[in-house]
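Understanding the architecture of this molecule
Spelled out from the first residue to the last, the chains are:
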Amino acid sequence: MKRSQQTVFSKTVYRGFISIALLVTLWETGRRLNVPMLGTIPAPSEVLGLLAKMILKAEFWENWISSFRRVFFGFMAAQIVGIPLGLAMAANRVTHDVTFPMLEIMRPIPPLAWVPTAIIFWPTTELSIAFVIFLGAFFTVVINVLDGAKSVDVRYVRAALSLGSRPRDIFFRIVLPATLPSIFTGMAVGMGITWEVVVAAEMIAGKAGLGYLTWSSYVGGDYPQIVVGMISIGVAGYLCSSLIRFAGKWAAPWQRLF
Amino acid sequence: MCGRTNMSIEFASAADRPGSVQAEEQRQGSVRLARYRLVLWLKSTTPYLGLAGIVAFLGAWYLLTEVLALPRFEKLPGPVQVWNEFVSRDPTFGTSMFSPDYYKHILWSSWRVAQAFFLATALGVPLGLFMGWKRTFKDYAFPVIEMLRPIPVLAWVPLAILMMPGREAPIIFLAFLAAFFATTLNTLLGVESIDESYFRAARCLGSKPRHIFLRVVVPGAMPHIFTGLQIGVGVAWFSLVAAEMVSGEHGLGFLIWDSYVLSQYPVIVIAMVTLGVVGYLYSALIRLVGSMLMRWTVREA
Amino acid sequence: MTNVGPPAAVNGRISIRNVSKVYDPDGVNVLAVDNCSLEIAAGEFCVVVGPSGCGKTTLLNAIAGFHGITSGIIELDGEELCSAGLTTEPGSERMVVFQNGALFPWYTVLENITYGPEVQGRASAREARRAASVLLGELGLSGIAHRYPGEISSGMRRRVEIARALINDPKVLLLDEPFRAMDALTKGVVQEFLLQAYDRVRKTVFFITHDLEEALFLGTTVVIMTTRPCRVKKAIKVDFPRPRSYRVRSSQRYLELKEEVFEAVHEEATKAFEAGERELA
């Protein structure tokens, strides 16, 4: 039994609006009064003004497309390799025992530490960045799928066996659906990591994209644009995560979230 | 007790033994159990398959880079190359286990992460606890956090450099930010996952609010708090490496980038492996502290 | 009828009069309790039975102070405890033993028991420990004083929880299907334990169960509730002498009472089953 949420829906939302509005107002007033602590951080009005102008320019959206493309390829690759591997590891003890130690050794190495190696190895910058993204999401995916598949209640498997299922049925009709929520959790977390990596990789070695936009704004001294870049990345990441959450609910409608 | 005596007999012998003897027996019992489990593990195929997996990986790496020298692979440093470099007393590229610079970089990175981590814990855990305990506070604080969270930590690099003085502060700030979100949110989750019955029982027993906070909320959320701390330390390392690569002068992240720029490829691998090991040790340390503080969950297994 | 043990208690008389409770789990008004009236004498062991989800827990929660009532009045020893405008905060004079157990997993058995006295400021840490050790000894639980709840069996956990309640000298003991999740053998032992504790202290007990045998074995009065919304359907006096032994279960009178209770409950259970509503937590 979870702690019950007794507050009325609207009170929570109302308070949320108030606190955000308060923060933005303080930020704006602080800049107008040139409060020293805020330094050279641009004011919300400047940022919003610039954002309104940039939305109309094509190159702004080209950056979006660049980042999204990298995210998509790297992320998809991680799912395509990671999900089957995780399932195979859960299903087959030998596969698990052979691959698990090596994975656990590689996992603590931060994905960005791979950037130089990736650049040396892959012929193009795009591929290098996609590879690093792949690594970032890959480990998360495998761990989540493994956990999910291992924790399928054995009673469901036994019930299936009693009902005359073949191994193939058990896998596709019991283990796979039962693991779906974990797969989507892995995807959601992996997506968060992916965006972190994309931004960093673009800052270090990119020539286009939202991370590159943010970094080059700093280098070029265009401070409001830095914040525009940050907000864009935040929104982009949030959209992707929401998409995954939505897909998860569609794929596993039986998951009731209390 | 009037009437039944058989129930008391069950415990009569246990009641006679003083507590310390019991505790000692329990300790010896768990040592024996651990030894038994170790023997069982060694007798199974698991450790050997794992070893085979590692050897296969190293073997493939060696083959592809140094023996067969396939087109794209030949540029990468091979395991033998890296190892020789690492253990040589006069390393070609200046970094091996015998060079003081190596340890200097490790210390720089470790110290930065430690600072970021402690800050994140000192701020994040109380914040999370308070948000979980007081709904009103959460309503005001949570939306702000949720709005800032989707922004990747590294997107803050330019702003951090602008806001903070010097070179160290921005780097630590970035690692702090990453760990902060993980810590706060996991702590919050921990408080919210405490079964309502515990709160009710505490109220029945006459607890005042501070009792409920200190004796129910804090211990009840501990397992989640420690999960959050482990995740936090992991992402702190993640962000730190990136920050060091972009704008550092010391540290393992800087070492990786610098070696790349100077074409000292084996050092890249040395630094990567070191990162993995140190990062792992940090997580293991936190897990250890957690298991010591939460003896009630360890024993449950 | 001879009663062995201390004289009847003078505290802990509960009076439930015309109590109704409406609540609103998902935006749909649910009438959980409808004009329910019940008198429980001081020191009486009152067992409440009825189909699942009929609202018995709602009554218990109202007495305990976890939520309020929509109309009617609940009095404890003549003083108003609960009414439409008043809900008394939970306190140790109305101790609850929960269904799934609420022993704090992060405290040892001893620490769980000393919690109440310490937190209420009624005793210093040392006094509380001494009193707790004595109580554990009397209840035959000394051996597990330094164990964590996660390390002991569910039967022992339940006993510790009862001990934790008793050390606070409550006026009323509220038990919400405390033995529901136990196997029959463990259940039997813990039931006897509860009866022995009851015989010693003679507190008022409000005990919810859907096990009819348990109800007749434990209770002085068995109250049968209707299906939701709950009202008192029938109250049956169980006049077996105390202390009760398990042999009482094979007596003729017991079988007669069991049949009487069963018929009353069965009718309500069938109605609930056909209504098919999801049980309220």
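Here is what the cut-offs are and how they apply
Residues numbered from 1 in each chain as written. Chains lettered and ligands numbered in written order. Predicted model: local features only at pLDDT ≥ 70, side-chain atom pairs only at ≥ 80, totals over all residues. Helix = DSSP H or I, 4+ residues; strand = E, 2+ residues; numbered from the N terminus. Rg over C-alpha atoms; globule rule 2.2 N^0.38 Å. Buried ≥ 20, exposed ≤ 12 C-beta atoms within 10 Å, placed from the backbone. Pairing = 2+ DSSP bridges. Contact = placed C-beta atoms within 7 Å. Nonpolar A, V, L, I, M, F, W, Y, C, P; charged D, E, K, R; others polar. Core = buried A, V, L, I, M, F, W, Y, C linked by C-beta atoms within 7 Å. Axes fitted to C-alpha atoms, helices over the stretch in contact; angles between N-to-C directions. Parallel < 35°, antiparallel > 145°, perpendicular 65-115°, else oblique. Left-handed = near helix turned anticlockwise from the far one by under 90°. Domains from an automatic or database assignment. pLDDT = per-residue confidence, 0-100. Expected span 1.5 Å × (residues − 1).

With respect to the overall build of chain A
- From N to C terminus, chain A includes 10 helices and zero strands.
- Listing each helix as α and each strand as β along chain A from the N terminus yields α-α-α-α-α-α-α-α-α-α.
- In terms of overall size, chain A is more extended than a compact globule, its C-alpha atoms giving a radius of gyration of 23 Å where 258 residues would be expected to give roughly 18 Å.
- Each principal axis of the C-alpha atoms in chain A carries an extent, and together these give about 75 × 55 × 30 Å.
- Sorting the 258 residues of chain A into buried and exposed places 38% on the buried side.

Looking at the sheet that holds strand β2 (residues 30–40) of chain C
Residue and element names in this part refer to chain C.
- What the five strands build is an open sheet, ordered β2-β1-β4-β5-β6; its pairing is antiparallel. At either end of the open sheet lies a strand with only one pairing partner, and these are β2 and β6 (86–87).
- Relative to β2, strand β1 (residues 14–23) runs antiparallel, the two being bridged by seven bridges. By the bridge assignment for β2, Val22 is matched with Leu31.

Points about the interface of chain A and chain B
- Contacts between the two partners involve 48 residues from chain A and, on the opposite side, 51 residues from chain B.
- Residue assignment for the side of chain A that touches chain B shows that the elements contributing at least two residues are α1 (9–32), α4 (93–106), α5 (115–121), α8 (167–205), α9 (210–219) and α10 (223–251) of chain A.
- Sort the elements by how many residues they give to the side of chain A that touches chain B and α4(A) lands first, with eight residues.
- When its residues are assigned to classes, the side of chain A that touches chain B shows 29 nonpolar, 14 polar and five charged.

A closer look at the pairing of strand β3 (residues 45–49) of chain C
Residue and element names in this part refer to chain C.
- The element β3 is extensively covered by neighbouring structure, given that five of its five residues are classed as buried.
- Neither face of β3 is left uncovered, since the one carrying Phe45, Val47 and Val49 and the one carrying Cys46 and Val48 both have all their residues buried.
- Pairing between β3 and strand β10 (residues 221–225): four bridges, direction parallel. Looking across to β10, one finds that Val47 is bridged to Val222.

Observations concerning the pairing of β1(C)
- Note: β1(C) against strand β4 (residues 71–76) of chain C, five bridges, orientation antiparallel. Bridge pairing in β4(C) links Ser20(C) to Ser71(C).

Considering the nonpolar core
- Val132(A), Leu174(B), Ala175(B), Ala179(B), Ala236(B) and Ile63(C) are the most contacted members of the largest nonpolar core, which has 212 residues in total.
- If one sorts the elements of this core by residue count, helix α10 (residues 209–247) of chain B sits on top with 18 residues.
- For Ala236(B), the residues in contact, after removing those within four places along its chain, are Val113(B), Ala116(B), Phe117(B), Ala175(B), Ala178(B) and Ala179(B).

Here we look at helix α2 (residues 109–119) of chain C
Residues and elements named next belong to chain C.
- Along α2, nine of the 11 residues are buried, which leaves the element largely enclosed by surrounding structure.
- Where α2 is concerned, the buried positions are Val109, Leu110, Asn112, Ile113, Thr114, Tyr115, Gly116, Pro117 and Glu118.
- In this fold, the buried residues of α2 make contact with α3 (125–138) and α4 (154–166).
- Looking at the residues trailing α2, positive phi occurs at Gly121, about 75°.

Concerning the sheet that holds strand β7 (residues 94–97) of chain C
Residues and elements named next belong to chain C.
- Read across the open sheet, the six strands follow the order β7-β8-β9-β3-β10-β11; overall the sheet is mixed. Each end of this open sheet is capped by a strand with a single partner; those strands are β7 and β11 (232–237). Averaged over all pairs of adjacent strands, the angle between their axes in this sheet comes to 20°, without regard to strand direction.
- Where β7 and strand β8 (residues 172–176) come together, four bridges link them in parallel fashion. Residue pairing for β8: Arg94 is matched across the bridge by Val172.

A look at the packing of α8(A) against α9(A)
All names here are of chain A.
- Look at α8 against α9: their axes get within 7 Å of each other, and the N-to-C directions meet at 50°. The angle between the axes of α8 and α9 places the two elements in the oblique class. In the packing of α8 onto α9, the handedness of the crossing is right-handed. The residues of α9 that touch α8, namely those facing Val198, Val199, Ala200, Glu202 and Met203, are Leu210, Gly211, Tyr212 and Trp215.

Some details on the domain arrangement of chain B
- Each assigned domain of chain B is listed with its residue range as follows: domain 1 (17–76) and domain 2 (100–300).
- The gap between the C-alpha centroids of domain 1 of chain B and domain 2 of chain B is 28 Å.

Focus on the environment of Ser193(B)
- Mapping Ser193(B) onto the fold places it in the loop between α8 (168–192) and α9 (196–204).
- Considering only alpha carbons, one finds Ser193(B) and Ala221(B), 28 residues apart in sequence, at a separation of 7.7 Å.

Brief notes about unusual backbone geometry
Residues and elements named next belong to chain C.
- In this model, Arg242 is joined to Pro243 through a cis peptide bond whose omega is 0°.
- Structurally, the position occupied by Pro243 is in the loop between β11 and α7 (252–275).
- A positive phi angle is found at Asn35, which is not glycine, with a value near 50°.
- Along the chain, Asn35 turns up in strand β2.
- Here Asn35 falls in the partly exposed class, since 15 other C-beta atoms lie within 10 Å of it.

As for the environment of Val109(C)
Residue and element names in this part refer to chain C.
- Checked against the element boundaries, Val109 lands in helix α2.
- According to the C-beta neighbour criterion, Val109 is buried, with 28 such atoms within 10 Å.
- Between the C-alpha atom of Val109 and that of Tyr148, which follows or precedes it by 39 residues, the distance is 6.0 Å.
- Once residues within four sequence positions are removed from consideration, Val109 is found in contact with Ile144, Ala145, Arg147 and Val160.

A short note on the environment of Val67(B)
All names here are of chain B.
- When you line up the elements, Val67 lands in helix α3 (residues 46–67).
- Judged by the 11 C-beta atoms lying within 10 Å of it, Val67 is exposed.
- Separated by 11 residues in the primary sequence, Val67 and Gly78 have C-alpha atoms spaced 9.1 Å apart.

What to know about the confidence of the model for chain B
Residue and element names in this part refer to chain B.
- Across chain B, the average pLDDT comes to 83, with 91% of residues at 70 or higher.
- Here helix α1 (residues 6–16) stands out as the element of chain B with the lowest mean pLDDT, 35, in contrast to helix α5 (residues 100–133), whose mean of 93 is the highest.
- Ignoring residues within four places in sequence, the model shows residues 1–17, a span with pLDDT below 50, making 24 contacts including any to other chains.
- Interface confidence for the predicted complex, expressed as ipTM, amounts to 0.79; the pTM equals 0.80.

Here's the deal with α3(B)
- Spanning 22 residues, α3(B) covers 30 Å between terminal C-alpha atoms, matching the ideal 32 Å at 1.5 Å per step.
- At the C-terminal side of α3(B), Ala69(B) shows a positive phi close to 50°.

With respect to the packing of α4(C) against helix α5 (residues 184–201) of chain C
All names here are of chain C.
- Where α4 contacts α5, the two axes come as close as 9 Å, and the packing angle between them is 15°. The angle between the axes of α4 and α5 places the two elements in the roughly parallel class. Seen from above, α4 lies across α5 with right-handed handedness. Of the residues in α5, those in contact with Ser154, Gly155, Arg158, Arg159, Ile162 and Leu166 of α4 are Thr186, Val189, Val190, Phe193, Leu194, Ala197 and Val201.
- Classifying every residue of the contact of α4 with α5 by side-chain character gives eight nonpolar, three polar and two charged.

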